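The primary structure of each chain is shown beneath.
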Amino acid sequence: MFDYGKIKSYKAVGNEVSIEFENIVGKITVVTEDIINVFAPHESEDHRSKAIEGDKYNGARFEVAESDGAVCIKTDKLEAKVYDGYKVDFYDRDGKMLCRDYRGKAENSASKNTLDAAQIAAREAEGHKIDIRKKYKIEVFKQIDGDECFYGLGEKTGYLNKRGYDYEMWNTDNASPHVETFRRLYKSLPFFITLKNDCVFGLFFDNTYLSSFDMATANADYYRYGVNDGNLDYYFIGGENMPKIVENYTYLTGRMNLPQLWTLGYHQSRWGYITEDDFREVADGMRKNDIPCDVLHYDIDYMDGFRVFTFDPKHHPDPAAFLAEMKQKGFRAVTIVDPGVKVDTNYSVYNEGLEKGYFAKDAFSGNVYINKVWPGKSAYPDFGNPEVRKWWGENHKVLLDAGADGIWNDMNEPASFEGELPADVIFTDEGRVTNHAEMHNVYGHEMCRATYEGVKKLTGKRPFVLTRACYSGTQKYALVWTGDNTSIWYNLQMAIEQLCNLGLSGMAFAATDIGGFCGNTTPELLTRWIQMACFSPMCRNHCCSELRQEPWVFGEPYLSIYRKFVKLRYKFIPYLYNTFRTCTQTGMPVMRPLVLMYEKDENVKQINDEFMIGDSILVAPVVGQGQTRRMIYLPEGEWYDYITGEKVSGNKWFIREAPIDVCPMYIRSGAILPTFAPQSYIGEIDNDETLYLEVYGENGKYIHYQDNGTDFAYLDGAYNEYEIVNCNGEVSVKQTHTGYEKPYKNTKITYIK
Ligand code: MIG
């Protein structure tokens, strides 16, 4: 670990305080009164952040003083005290300790039981993999006081509370069943929230190299961040509660734009639909079985030999005609685009990229670096180069002209079949030459950025870009899914924790493959999965298994149950859309762990299998095989059982029956929920005709948002807002913003008392 040495002097310039240590000059930057950056230029003087765009300094005032050997930087909300050895402690404005660096020895608390080299070798010879704890050049140790819970870190496997896990950030394509022991997955979201009994704060470690997060596993006295390259560059994020921490984190790294309305519908996919007739059959199946559906996904087989930006002439001879036919029936198309460009001198995308130097290069020969992915030998576009991003974006014209409505970015960790790309493969970071080690974790991020910007320019609409790999800040460009999960019960249960932690990490628009991607699902698992996922931010059934898993394959009673839940989703789409609207303004996720809303309630800190959608709907799905009843905890307040309409008081645990056709759901008293009338796809009927409201309890207030659901006109005020008030059971609707040309003509209210 780097030895910073003693403090020699300090100096404040603008919003930065340089602190000269014996061995390096550190820099503390005040970003806002709630956000303070801790930096040391181990590699470069500048931050080189890929997550944060533009200067986020908001003019916050602060004071600097020296006291008890510490340099103290105090804003209106926080105080950072910097000591010798670059130890930094954070206090609130009133002097309450929030977070302090650990000063003890960095050793395993169970070190006496550590295996020696021979013992490790013997175990590994038998096939066990022993994870040896590495030491890192840059390490940050934070003191554990005892009551910490950790949330965030993206889609990492395991339970909601990340305490006791040890993870690495290195985007990794791994299709073996995702289980708790995984340390890496597809995404790098190096941000987490520490919740203690008397305070809460966030830490964002903005460094793209492989990094490690030990959440108090090696030693119960500290949690530790480690990285070998790049800079020490982390943000302490304060705020009075968890929502405020998420708001501040997304202030820093950005927020999503509104999704197009159709993207909130049901998506059907399968790696295995090949011909036009395959797609027709699925589309017709949806309508015939009365399952609402808006989107079909076109996996890699639509391409000509897996060449990106092409269609297979045999199975898709006239994609424009075919996709128009599908659109006629109400089906949108999302086409997959992988980064790997097939090495083929008869292929224009390859030739152009080669000629213009748009691909990553081998460090030794200087030639284009080649590895293998689906198209066979392939080159990797150098997305860190703005010119490459522009080129890539423009290439989407082929797909969009044919009628694609959204783009699905896969394999962008980047994945490779012939071993990982060497660390020294040459990539670009804007104008600067760098390597794979630095750009790996942002490869997906830069690809999505290219796609987003290209699609936005070509269509003027809100781009739908679905990605597997990402980094902090990708929420500005794309939504995510959790990659190749498996049809096992544990992956259904874990999906809740993954989606909730993704939301807390800024990625509010997220999905899991319903039914499980790998392996064969069962009727019961698929049924329980749709019950949970019909409430998730994006709702897609996708798989690659031998057995198919469209909603109808298992017959009755499963088909009817599946239908009921997809219809339930469609009913609540306006409510979901409003929740997304809030997310664009504050970063507050759509799918929320209970702890996000009730952090003072001890009971909810470790609830893994209940969640909320927006402020008002609590879902308690069944996630275990054969289970037909479950324990439910309802937080404080009055709730309505959605199915029976019965009123239930919160702040208690109870058991509820949940046979195969039931997913327990509770609506907060005071809730006002906008709904849609039944339709097989969004826009089949005119949704701007009537405002439907479900009103729960005697008193409540709600803001309802309405726009064209398509483009960016809302940013210029082209939207309507309605303030709905329920006062002692009397409901009034008042339009408080006018800008969208189709205000509702009628209001229809259902009362639940
Ligand atoms: O190596 O495109 O996660 O959703 O169906 C597999 C084929 C490549 C992995 C994705 C999955 C997709 C599959 N892809």
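Please read these numbers as outputs of a predicted model, since none were measured by experiment.

J.: Honestly, the packing of aromatic side chains in this entry has me stumped. Any pointers?
T.: Counted by the stated rule, this structure contains 55 aromatic pairs. Look at Tyr102 and Phe141: their rings are 6.3 Å apart centre to centre, the planes differ by 45°, and that puts the pair in the tilted class. Here Tyr102, found in the loop between β9 (97-99) and α1 (117-125), pairs with Phe141, found in strand β10 (residues 138-143); they are 39 residues apart in sequence, far enough to count as distant. Here Tyr102 matches Phe141 in class, with each residue buried. Ring pairing ties together the aromatic residues Phe309, Tyr350, Tyr358, Phe359, Tyr369, Tyr380, Phe383, Trp391, Trp392, Phe427 and Tyr443, which thus form one cluster.

J.: Help me out: how do you make sense of the site of the ligand in this one?
T.: Near the ligand there are 13 residues, and of these Asp299, Asp410, Arg468, Asp484 and His542 occur at the shortest range. Asp299 places a polar side-chain atom, nitrogen or oxygen, 2.5 Å from an oxygen atom of the ligand. Within the side chain of His542, a nitrogen or oxygen atom sits 2.9 Å from an oxygen atom of the ligand. Among the residues forming the shell around the ligand, the class breakdown is 8 nonpolar, 1 polar and 4 charged.

J.: How should the sheet that holds strand β30 (residues 479-481) be read in this particular structure?
T.: Across a sheet, paired strands are connected by hydrogen bonds in the backbone, their directions being either parallel or antiparallel. The strand order across the open sheet built from 9 strands is β31-β30-β28-β25-β21-β20-β19-β33-β32, with neighbouring strands paired in parallel fashion. In this open sheet, the two strands that pair with only one neighbour each are β31 (510-511) and β32 (513-514). By the bridge criterion, 4 bridges tie strand β20 (residues 295-298) to strand β21 (residues 332-337) in an arrangement that is parallel. Bridge assignment links Leu296 to a residue of β21, and that residue is Ala333.

J.: Before we go on, may I ask you to explain α1 in this structure?
T.: An α-helical turn contains 3.6 residues, so a residue and the one three or four places further along point in the same direction. Capping of α1 at its N-terminal end is provided by Asp116; its side-chain oxygen lies 3.2 Å from the backbone amide nitrogen of Ala118. Gly127 lies just past α1 and shows a positive phi near 105°.

J.: For this particular structure, what's the right way to read the packing of helix α10 (residues 489-504) against helix α11 (residues 523-533)?
T.: When two helices pack together, their arrangement is given by the angle between the helix axes and by the axis-to-axis distance. At their nearest, the axes of α10 and α11 sit 10 Å apart, and the two run at 5° to each other. Between α10 and α11, the angle falls in the class roughly parallel. Residues Trp489, Asn491, Leu492, Ala495 and Ile496 of α10 form the contact with α11, whose own contacting residues are Glu524, Leu525, Arg528, Trp529 and Met532. The class makeup of the residues in the contact of α10 with α11 is 7 nonpolar, 1 polar and 2 charged.

J.: Looking at this structure, I do not really get the pairing of strand β27 (residues 432-435). What am I missing?
T.: Two faces belong to every sheet, and in a regular strand the side chains alternate between them. Here 4 bridges tie strand β26 (residues 426-429) to β27, and the two strands are oriented antiparallel to one another. Each bridged residue has a counterpart across the sheet, and for Thr428 the counterpart in β27 is Val433. The hairpin turn running from β26 into β27, its antiparallel successor, is 2 residues long, and Glu430 in that turn takes a positive phi close to 55°.

J.: Would you mind showing me how to read the sheet that holds strand β11 (residues 149-152) here?
T.: Strand order in the open sheet formed by 8 strands is β1-β2-β3-β4-β18-β15-β14-β11, with antiparallel pairing between adjacent strands. Looking along the sheet, the strands with just one partner apiece sit at the ends: β1 (7-13) and β11. Sheet twist, expressed as the mean angle between neighbouring strand axes with direction ignored, is 20°. In the sheet, strand β4 (residues 35-40) pairs with strand β18 (residues 232-237) via 6 bridges, with the strands oriented antiparallel.

J.: Would you mind showing me how to read the domain arrangement of the protein chain here?
T.: Accessible area lost on assembly of the parts is the figure often given for the size of an interface. By domain assignment, the protein chain separates into domain 1 (7-99), domain 2 (117-253), domain 3 (591-664) and domain 4 (672-752). One C-alpha centre belongs to domain 1, the other to domain 4; they are set 46 Å apart.

J.: Sorry, what's going on with the confidence of the model for the protein chain here?
T.: It should be kept in mind that the predicted coordinates are not to be read in detail where pLDDT is low. Looking at the protein chain as a whole, its pLDDT mean stands at 97, while 99% of the residues score no less than 70. Mean pLDDT across the elements of the protein chain ranges from a minimum in α1, with 89, to a maximum in strand β14 (residues 191-195), with 99.

J.: Whenever I open this one, a nonpolar patch on the surface confuses me. Can you help?
T.: Taken together, the side chains of Met631, Trp653 and Ile655 define a hydrophobic patch exposed on the protein surface, amounting to about 320 Å² of accessible area. Along the polypeptide, Trp653 turns up in strand β40 (residues 652-657).

J.: Teacher, can you tell me more about the pattern of salt bridges here?
T.: Going through the model one piece at a time under the given rule, you end up with 59 salt bridges. In this structure, Lys742 and Asp688 form a salt bridge, with 3.7 Å as the shortest nitrogen-oxygen distance. You can see Lys742 sitting in the loop between β46 (730-737) and β47 (746-752) and its partner Asp688 sitting in the loop between β42 (672-675) and β43 (690-696), a full 54 residues away along the chain. What makes Lys742 partly exposed here is its relative accessible area of 34%.

J.: Explain the packing of α11 against helix α12 (residues 558-571) to me, please; I cannot follow it from the model alone.
T.: Where α11 contacts α12, the axes come no closer than 9 Å and their chain directions differ by 10°. Overall, the two elements α11 and α12 adopt an arrangement that is roughly parallel. Every residue of α12 that contacts α11 at Pro523, Glu524, Leu526, Thr527, Ile530, Gln531 and Ala533 is listed here: Tyr558, Ile561, Tyr562, Phe565, Val566 and Arg569. A class-by-class count of the residues in the contact of α11 with α12 yields 9 nonpolar, 2 polar and 2 charged.

J.: Explanation requested: the side chain of Thr172 in the structure shown.
T.: Among the structural elements, Thr172 can be located in the loop between β12 (166-169) and β13 (187-188). Looking at Thr172, the relative accessible area reads 18%, which means it is buried. Non-local contacts of Thr172, meaning those with residues more than four positions away in its chain, are made with Arg184, Leu185, Tyr186 and Glu413.

J.: Any chance you could explain the side chain of Asn720 here in plain terms?
T.: Structurally, Asn720 is set in strand β45 (residues 720-727). Within polar-contact distance, the side chain of Asn720 engages the backbone nitrogen of Gly739 at 2.9 Å. A polar contact is formed between the side chain of Asn720 and the backbone nitrogen of Tyr740, at a distance of 3.0 Å. Residue contacts for Asn720: discarding those within four places in its chain leaves His704, Tyr705, Gln706, Gln735, His737, Thr738, Gly739, Tyr740, Lys742 and Pro743.

J.: Would you mind going over the environment of Val465 with me for this structure?
T.: Mapped onto the fold, Val465 is located in strand β28 (residues 465-467). C-alpha separation for the pair Val465 and Tyr562, spaced 97 residues apart in sequence, amounts to 26 Å. With near-sequence residues (within four places) excluded, Val465 lies in contact with Ile407, Asn409, Cys448, Thr451, Tyr452, Tyr477, Ala478 and Leu479.

J.: Would you mind showing me how to read unusual backbone geometry here?
T.: For residues that are not glycine, phi is negative in most cases, and the peptide bond is trans in most cases. Of the consecutive residues Glu413 and Pro414, the connecting peptide bond is found in the cis state with omega at 0°. Take Pro414: it is sitting in the loop between β25 (406-409) and β26. Geometrically, the link from Glu556 to Pro557 is a cis peptide bond, its omega value of 5° lying close to zero. On the secondary structure map, Pro557 appears in the loop between β33 (539-541) and α12. In the Ramachandran plot, Arg48 falls in the positive-phi region, its phi being about 55° despite a non-glycine side chain. One can find Arg48 in the loop between β4 and β5 (62-67). The backbone of Tyr86 sits at a positive phi, close to 55°, despite the residue not being glycine. Looking at the element boundaries, Tyr86 is found in the loop between β7 (78-83) and β8 (87-92).

Thresholds applied
Residues numbered from 1 in each chain as written. Predicted model: local features only at pLDDT ≥ 70, side-chain atom pairs only at ≥ 80, totals over all residues. Heavy atoms only, no water. Phe/Tyr/Trp six-rings, centres within 6.5 Å; stacked < 30°, edge-to-face > 60°. Helix = DSSP H or I, 4+ residues; strand = E, 2+ residues; numbered from the N terminus. Buried < 20%, exposed > 50% of the residue type's maximum accessible area, 1.4 Å probe, protein only. Near = heavy atom within 4 Å. Polar contact = N/O pair within 3.5 Å; in protein donor to acceptor, adjacent residues only side chain to side chain. Nonpolar A, V, L, I, M, F, W, Y, C, P; charged D, E, K, R; others polar. Pairing = 2+ DSSP bridges. Axes fitted to C-alpha atoms, helices over the stretch in contact; angles between N-to-C directions. Parallel < 35°, antiparallel > 145°, perpendicular 65-115°, else oblique. Contact = heavy atoms within 4.5 Å. Domains from an automatic or database assignment. pLDDT = per-residue confidence, 0-100. Patch = residues over 30% accessible without salt bridge, like charges linked within 9 Å, V, L, I, M, F, W, Y side chains within 5 Å. Areas by Shrake-Rupley, 256 points an atom, 1.4 Å probe, with all protein chains shown as cover. Salt bridge = Lys/Arg side-chain N within 4 Å of Asp/Glu carboxyl O.

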